[in-house]
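Next come the chains, spelled out residue by residue.
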Amino acid sequence: MILTLLVCGLALIVLVLVGLFVFGLRRRLIQRSGGTFDCSLRWDAPEKGDTSGKGWGYGVARYNGDRVEWFRVFSYAPRPRRVLERSAIEVVDRRAPDGEEELALLSDAIVLGCQHRGTRLELAMSEDALTGFLAWLEAAPPGQRVNVA
């Protein structure tokens, strides 16, 4: 009986360690090509004024040509959860987190309100990542429409 409990406990510890290792390996593979930054995302974000902190997902965003690929941190999926195309992103507003959002987001985050193909979304990232993101948006090839407020 004790041997069975010991083996089951050991197997559980091994499974947890393997799961944590896979999380770390996945993040390493995402960041391998460079151009990544920590970024929280709220898809189908409500209009201004809702600072409840609900709907935010913590993730890693990666530049890939004319797209930004967003991956959830706590996922085993090898593909991005969302893909934002540069030509379809329209920046609507910028603000500091307020209310319960301050608890849901990283401490130095700036919230950027956007429209992407008719869907309102919000991205929360550090000031440095925001500067890079806005520069990436404005660096669109000639002839492409860019909407940065």
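Before any of the text, the structure's been laid out above.
Model, not experiment: these values are computed from the prediction. (Residues numbered from 1 in each chain as written. Predicted model: local features only at pLDDT ≥ 70, side-chain atom pairs only at ≥ 80, totals over all residues. Heavy atoms only, no water.)

## Structural notes on helix 3 (residues 127-138)
- Taking 1.5 Å per residue as the helical rise, helix 3 with its 12 residues ought to reach 16 Å, and the 17 Å between its terminal C-alpha atoms agrees with that figure.
- Taken together, the buried positions of helix 3 are occupied by Ala 129, Leu 130, Phe 133, Leu 134, Trp 136 and Leu 137. Taken around the axis of helix 3, the buried residues stretch over an arc of 155°, which confines them to a single face. Residues Asp 128 and Glu 138 are exposed on helix 3 and point more than 90 degrees away from its buried face. (Helix = DSSP H or I, 4+ residues; strand = E, 2+ residues; numbered from the N terminus. Expected span 1.5 Å × (residues − 1). Buried < 20%, exposed > 50% of the residue type's maximum accessible area, 1.4 Å probe, protein only. Arc of directions from axis to C-beta.)

## Re a nonpolar patch on the surface
- On the surface, a nonpolar cluster with roughly 760 Å² of combined accessible area is contributed by Leu 10, Val 14, Val 18, Phe 21, Val 22, Leu 25, Leu 29 and Tyr 76.
- Among the secondary structure elements, Val 22 is positioned in helix 1 (residues 2-31). (Patch = residues over 30% accessible without salt bridge, like charges linked within 9 Å, V, L, I, M, F, W, Y side chains within 5 Å. Areas by Shrake-Rupley, 256 points an atom, 1.4 Å probe, with all protein chains shown as cover. Salt bridge = Lys/Arg side-chain N within 4 Å of Asp/Glu carboxyl O.)

## Things to note about the environment of Ala 45
- With respect to the helices and strands, Ala 45 occurs in the loop between strand 1 (36-43) and strand 2 (57-64).
- When the C-alpha atoms of Ala 45 and Leu 123 are compared, they prove to be 9.8 Å apart, with 78 residues separating the residues in sequence.
- Residue contacts for Ala 45: discarding those within four places in its chain leaves Arg 120, Leu 121 and Glu 122. (Contact = heavy atoms within 4.5 Å.)

## Quick word on the pattern of salt bridges
- This model, assessed by the stated rule, comprises nine salt bridges.
- Here Glu 69 makes a salt bridge to Arg 62, at a shortest N to O gap of 2.6 Å. One exposure class covers both Glu 69 and Arg 62, and it is buried.
- Residue Glu 122 pairs with Arg 95 through a salt bridge whose shortest N-O separation is 3.1 Å.

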